[in-house]
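Spelled out from the first residue to the last, the chains are:
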Amino acid sequence: MKILLSNNDLNEALYDVSNLGFVPTMGSLHKGHISLIKKSLKECKKTIVSIFINPTQFNNKIDFKKYPRNNKKDMSILKKLKIDFLYMPKVEDIYYPKRKASIKLKKKDKILCAKFRKGHFEGVIDVMERLTKKIKPQKIYMGEKDYQQLYLIKKYVQKKYNAKIISCKTVRDNNKLAFSSRNILLSKYELTQARKISKEIFLLKKKLSKSKNIKKLIINKRKELIDSFNIKFDYIELRDKFSLKVSNKVKNSKLFIAYFIKKIRLIDNF
Ligand code: AMP
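Residues numbered from 1 in each chain as written. Predicted model: local features only at pLDDT ≥ 70, side-chain atom pairs only at ≥ 80, totals over all residues. Heavy atoms only, no water.

Novice: When you look at empty space enclosed by the protein in this model, what are you seeing that I'm missing?
Specialist: Over the atoms a probe the size of a water molecule is rolled, and this reveals where empty space is left. The final tally for this structure, using the stated rule, is one cavity of 30 Å³ or more. When its volume is computed, the largest cavity comes out at roughly 80 Å³. For the lining of the largest cavity, the elements supplying multiple residues, two or more each, are β8 (253-261) and β9 (264-269). The dominant element in the lining of the largest cavity, judged by the number of residues it contributes, is β9, at three residues. Tallied by class, the residues present in the lining of the largest cavity amount to six nonpolar, three polar and two charged. (1 Å grid on protein atoms, 1.4 Å probe; cavity = no way out; pocket = protein on both sides within 12 Å on 5 of 7 lines; lining within 4 Å. Points joined across faces, edges and corners; volume = space filled by probe spheres on them. Helix = DSSP H or I, 4+ residues; strand = E, 2+ residues; numbered from the N terminus. Nonpolar A, V, L, I, M, F, W, Y, C, P; charged D, E, K, R; others polar.)

Novice: Help me understand the nonpolar core, please; the structure alone is not making it clear to me.
Specialist: Judged by nonpolar contacts, the single largest core of 41 residues is most densely connected at I48, Y87, M128, L131, I135 and I153. When residues are assigned to domains, this core turns out to be shared by domain 1 (2-168) and domain 2 (181-269), each giving three or more. Filtering out sequence-adjacent residues up to four positions away, I135 remains in contact with L10, L14, L20, F22, I48 and Y87. The next biggest cluster of nonpolar side chains, apart from the first, holds 24 residues, and it includes I197, L208, V250 and I257. (Core = buried A, V, L, I, M, F, W, Y, C linked by side-chain atoms within 4.5 Å. Buried < 20%, exposed > 50% of the residue type's maximum accessible area, 1.4 Å probe, protein only. Domains from an automatic or database assignment. Contact = heavy atoms within 4.5 Å.)

Novice: How do you make sense of the domain arrangement of the protein chain when you look at a structure like this?
Specialist: Bring the parts together and some accessible area is lost; that lost area is often taken as the interface size. As assigned here, the protein chain comprises domain 1 (2-168) and domain 2 (181-269). Of note, the centres of domain 1 and domain 2, computed from C-alpha atoms alone, are 26 Å apart. A buried area of about 1,700 Å², summed over both sides, lies between domain 1 and domain 2, and 60% of it is on carbon and sulfur atoms. For domain 1, the biggest contributors to the area lost against domain 2 are L112, F116 and Y147; these three give 35% of the whole. (Buried area = accessible area lost by both parts, 1.4 Å probe.)

Novice: Is there a simple way to think about the packing of helix α2 (residues 31-43) against helix α4 (residues 71-81) in this case?
Specialist: Direction vectors running N to C along α2 and α4 enclose 30°, while the axes themselves pass 11 Å from each other. In terms of orientation, α2 lies roughly parallel with respect to α4. Crossing of α2 against α4: the hand is right-handed. Note on element contacts: α4 touches α2 through I77, L78 and L81, opposite I34, I37, K38 and L41. Partitioned by chemical class, the residues of the contact of α2 with α4 number six nonpolar, no polar and one charged. (Axes fitted to C-alpha atoms, helices over the stretch in contact; angles between N-to-C directions. Parallel < 35°, antiparallel > 145°, perpendicular 65-115°, else oblique. Left-handed = near helix turned anticlockwise from the far one by under 90°.)

Structure, rendered in structure tokens:
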């Protein structure tokens with residue numbers, strides 16, 4: 001595994017590489033990331049993983065500061081997986097020369113996390129464009145866990161560059177909780193709560209397919225979860241999985257949730 005710490009390192013290493021799979025991450029690697037990496041290793045001749053905690057996608061400075069950082073452990077995981085390249089750029093490597101991002105989301109895309117985390121996806125799209133331009137991968141592996149991110153990157157980035165976005169299934173623990181780097185920030189008790197909430201949402205999705213009053217069931221479950229777990233929702237919405245429009249039928253739809261346990265914001269879709 002070659003560790004690339006600058007753009008020079010990156011250019012030298014990728015000089016004559018073709019059939020390259022790219023897995024962008026913010027580190028604190030878990031089984032979700034590992035499944036993306038394994039897919040790239042299987043499908044591509046070479047695999048590059050990036051670890052870059054992108055400041056421009058955080059709409060809250062404290063959240064950026066508190067985001068988990070575990071480079072040593074990450075490096076040992078990646079070494080064992082036998083990836084070809086690990087790219088760990090500094091902020092200057094990505095944002096020099098400083099250019100103000102001109103990314104603007106269309107009005108119809110300002111939903112779900114785009115509505116509640118102002119500027120977040122503009123930051124994500126900007127950094128993904130910059131990384132894709134530099135790395136020039138054939139394929140980019142991204143998780144359905146961040147479904148709206150995947151949807152927007154396909155829409156705003158895939159068309160512009162010659163890279164195919166490969167969507168990868170969400171990996172969950174035995175209790176149906178999706179692996180997430182932010183789970184590290186939860187106390188043991190809060191982790192148990194998050195697992196219980198995931199199970200509840202799974203059951204709700206099942207119930208919805210048999211119900212005639214989907215809207216009411218969702219509203220009631222939202223109230224019930226707030227009362228039982230003392231959480232705060234940004235949203236819990238059923239949306240069409242192709243258009244992301246609000247849906248009132250379960251077929252081809254996903255239930256999207258974003259909620260806070262204390263100050264930790266968790267997202268998922270079912
Ligand atoms: P992050 O490090 O959180 O920016 O995530 C890097 C990539 O891993 C993104 O494409 C995520 O969607 C994906 N990812 C995160 N958690 C999971 C999971 N539990 N299952 C599958 N993919 C995931």
